[in-house]
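# A closer look at the structure
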Amino acid sequence: QERARRLLRQRTVDPESAIFELAVAVAYAHDGFSTEFIPESPGGERRPDLAVSRGTLTAEVECKRLGKGDYERRESARQRRLFDPLNDLIHSRRLSLHVDVVYTQELKDIPLGYLAGWVTKALDCRIVLPSGFPWKDEFGQGSVKPADLEAVHRDTASSSLMLGPKMARLLTGAPVDERSYNMSVSAKEDPRDVRFVERLHYGTVVTWQCVAESSIDARARYVGSKLSEVDQQLRSSVAGITHIGMDAERDTLAADLRRDRNNAVVQQFAFESRMMAVYLHYFVPRVTEVSAWMIDETPDGFGPTPISPLSSGRIFARSTLLDNDLAAWHQKPPPPLPE
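Let me sum up the structure you'll find in this document. (Residues numbered from 1 in each chain as written. Predicted model: local features only at pLDDT ≥ 70, side-chain atom pairs only at ≥ 80, totals over all residues. Heavy atoms only, no water.)

We now examine the pattern of salt bridges. For the structure on display, the rule yields 18 salt bridges. Notably, a salt bridge pairs Asp-190 with Arg-192, separated by 2.7 Å at the nearest N-O pair. The exposed category is assigned to Arg-192, whose relative accessible area is 70%. Between Arg-258 and Glu-249 there is a salt bridge whose closest N-O contact spans 3.7 Å. Note on Arg-258: relative accessible area 2%, which makes it buried. The structure contains a network of salt bridges with shared partners spanning Glu-62, Lys-64 and Glu-229. (Salt bridge = Lys/Arg side-chain N within 4 Å of Asp/Glu carboxyl O. Buried < 20%, exposed > 50% of the residue type's maximum accessible area, 1.4 Å probe, protein only.)

This is the structure in structure tokens:
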């Protein structure tokens with residue numbers, strides 16, 4: 001109750017970190033552990049988050065939540081700026097398009113008029129190709145093709161539709177990643193809730209990714225600094241367990257590289273504390289058409305013995321397991337609802 005109260009009332013508490021601590025505590029309680037939060041001592045030595053015990057096993061647990069890096073935030077902000085000139089063009093010409101772009105240079109080096117320029121060339125081109133208007137240059141490659149406005153009209157014939165991934169999926173004809181698309185529309189809103197529309201007049205979606213080696217390298221942040229922090233916090237513990245949670249990178253190249261780096265640094269780290277287990281939890285949050293909120297989790301566990309203190313090694317131990325060895329970011333998104 002006290003931790004939940006802090007989450008709601010203290011502005012200095014990071015909600016993602018606080019919720020992660022609560023989720024870890026629930027996982028241990030469900031696994032049969034006696035679980036309690038260790039009281040904080042303001043101004044004193046930083047203590048672990050939890051004390052857990054089951055049978056002869058007693059340990060203190062520290063939880064860390066690795067947030068987005070500065071590079072990723074800057075890259076997303078830059079993409080929004082690249083989208084702005086195109087957004088003006090969308091509304092001035094009432095465009096319904098799907099623009100798909102793969103940047104081969106860092107986004108900071110892409111001219112601000114890049115997307116709008118290629119869309120203008122596509123609109124001026126008299127040759128119509130089934131796969132759309134393609135381009136390729138020193139900054140990247142992509143295509144421009146008509147969006148499926150009729151799919152949205154069919155969906156909203158007797159209902160309204162939320163501005164979000166489903167609308168983007170209908171316009172593009174394929175599922176979109178929540179973190180790597182921009183959408184601009186004009187529509188008649190549902191008077192009951194302005195997030196929903198009753199009729200779409202026009203709408204354009206931009207799906208994007210960056211495969212520049214420097215971008216992938218910068219986004220593949222790993223947990224070395226967090227290991228140093230928890231090692232200090234658990235140095236007086238009889239036995240220590242660490243859980244580090246992080247959202248997977250939005251593309252598989254960066255996510256795979258980050259996981260490889262994490263595995264290497266954990267295995268090579270020289271702990272001074274009596275660390276009995278380190279768990280890394282990779283999360284892929286999804287907003288789907290069949291559930292309002294869902295997380296795919298991929299855990300990696302490390303320790304001196306093959307016996308895991310937390311039986312499943314997962315925070316969400318009661319979730320449905322997929323029958324393959326693929327990480328969460330390689331899983332196919334849930335199938336859309338039939339129209």
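Let's pick the thread back up.
Along the chain, Asp-256 falls in helix H9 (residues 252-268). The spatial distance from the C-alpha of Asp-256 to the C-alpha of Arg-46 is 33 Å, given a sequence separation of 210 residues. Setting aside anything within four residues of it in sequence, one finds Asp-256 in contact with Trp-329 and His-330. Only 3.1 Å separates the side chain of Asp-256 from the side chain of His-330, close enough to count as a polar contact. (Helix = DSSP H or I, 4+ residues; strand = E, 2+ residues; numbered from the N terminus. Contact = heavy atoms within 4.5 Å. Polar contact = N/O pair within 3.5 Å; in protein donor to acceptor, adjacent residues only side chain to side chain.)

Here the focus is the packing of aromatic side chains. Summed over all chains, the structure comprises eleven aromatic pairs. A ring pair is formed by Phe-20 and Phe-283, whose centres lie 6.2 Å apart and whose planes are at 70°; its orientation type is edge-to-face. In this pair, Phe-20 sits in helix H2 (residues 15-30) while Phe-283 sits in strand S11 (residues 275-286), placing the two residues 263 residues apart along the sequence. Consider the rings of Tyr-114 and Phe-139, whose centres lie 5.8 Å apart with planes at 75°: the pair is edge-to-face. Note that Tyr-114 is positioned in helix H4 (residues 114-124) and Phe-139 in the loop between strand S5 (133-136) and strand S6 (140-146), a separation of 25 residues in sequence. (Phe/Tyr/Trp six-rings, centres within 6.5 Å; stacked < 30°, edge-to-face > 60°.)

Any functional reading would require information beyond the geometric quantities listed.
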